[in-house]
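# Structural characterization, general
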Amino acid sequence: MTVEAEQAIPAVHRGEDEVPFVDIGDGNKLRVLQVIANEGLWIVENIFQAGYEVQKHRHTGPVWGYTNSGAWHYKEYDYVNRAGSFLYEPAGSEHTLEALEDDTRVWFHMYGSNLNLDEEGNVESVFDGPGTLEAYYALCEAEGLPRPDVVTG
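Residues numbered from 1 in each chain as written. Predicted model: local features only at pLDDT ≥ 70, side-chain atom pairs only at ≥ 80, totals over all residues. Heavy atoms only, no water.

## Concerning the sheet that holds strand 4 (residues 53–59)
- Read across the sheet, 6 strands follow the order 7-6-9-4-11-12 without closing on themselves; strand pairing throughout is antiparallel. Strands at the two margins of the open sheet, each flanked by one partner only, are strand 7 (80–82) and strand 12 (123–128). Averaged over all pairs of adjacent strands, the angle between strand axes in this sheet comes to 35°, irrespective of strand direction.
- Of the strand pairs in this sheet, strand 4 and strand 9 (residues 94–99) are connected by 4 bridges, and their pairing is antiparallel. (Pairing = 2+ DSSP bridges. Helix = DSSP H or I, 4+ residues; strand = E, 2+ residues; numbered from the N terminus. Axes fitted to C-alpha atoms, helices over the stretch in contact; angles between N-to-C directions.)

## Observations regarding the environment of S125
- Its location among the elements puts S125 in strand 12.
- A C-alpha to C-alpha distance of 27 Å links S125 and V80, two positions 45 residues apart in sequence.
- With residues near it in sequence (within four places) discarded, S125 still touches Q55, N114, L115 and N116. (Contact = heavy atoms within 4.5 Å.)

## Overview of the pairing of strand 6 (residues 71–74)
- The alternating pattern of strand 6 places A71 and H73 and W72 and Y74 on opposite faces, both of which are buried.
- Counted along the chain from strand 6 to the antiparallel partner strand 7, the turn is 5 residues long.
- When strand 6 meets strand 9, the two strands line up antiparallel, connected through 3 bridges. The residue of strand 9 that forms the bridge with Y74 is L97. (Buried < 20%, exposed > 50% of the residue type's maximum accessible area, 1.4 Å probe, protein only.)

## As for the packing of aromatic side chains
- Per the stated rule, a full pass over the model turns up 8 aromatic pairs.
- Centroid distance W72 to F108: 5.7 Å. Interplanar angle 70°. Geometry classified as edge-to-face. Of this pair, W72 sits in strand 6 while F108 sits in strand 10 (residues 104–111); the two residues are 36 residues apart in sequence, bridging distant segments of the chain.
- Judged by its relative accessible area of 0%, W72 is buried.
- Taken together through their ring pairs, the aromatic side chains of W72, Y74, Y77, Y79 and F108 make up a single cluster. (Phe/Tyr/Trp six-rings, centres within 6.5 Å; stacked < 30°, edge-to-face > 60°.)

## Quick word on the pairing of strand 11 (residues 113–117)
- With 5 of its 5 residues buried, strand 11 lies for the most part within the structure.
- Examined bridge by bridge, strand 4 and strand 11 share 3 bridges and lie antiparallel to one another. Paired with R58 across the strands is L115, a residue of strand 11.
- With antiparallel pairing between neighbouring strands as the criterion, strand 11 and strand 12 make up a hairpin whose turn holds 5 residues, including G121 at a positive phi of roughly 90°.

## Observations concerning a nonpolar patch on the surface
- On the surface, a nonpolar cluster with roughly 340 Å² of combined accessible area is contributed by Y66, F86 and Y88.
- Residue position: Y66 is located in strand 5 (residues 63–69). (Patch = residues over 30% accessible without salt bridge, like charges linked within 9 Å, V, L, I, M, F, W, Y side chains within 5 Å. Areas by Shrake-Rupley, 256 points an atom, 1.4 Å probe, with all protein chains shown as cover. Salt bridge = Lys/Arg side-chain N within 4 Å of Asp/Glu carboxyl O.)

The structure is reproduced here in structure tokens:
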């Protein structure tokens, strides 16, 4: 089966300068690359500094991660993600991310939501693609950056 030329969906490209990193605190950075709300898809890239922690959370959908530089781990597991590491997390996985080195750069492709858990394992808050995108836009505005042309749909 072939796709007719007029039916083909064009490729989408964004250069590094078109979707900037913004500071989320203490030198840790975020950029949101794509959010397709009706699919539950969100793709982000982070730059973490040593000691940064992401609250313990449970994923409602699968996650893929690729580490470009630095090192990080989940406190609940023995392995360390380093430059070149690929990670797959099934829906339902729970963990606490901790950056081990400065300038740890990680790309995450996620479906669903992150359910942030308190010490007793109760859901304290929820992060998802649309909410993360709105927070990203607000951080860009706070830094005086124009609204990035994030791939959405």
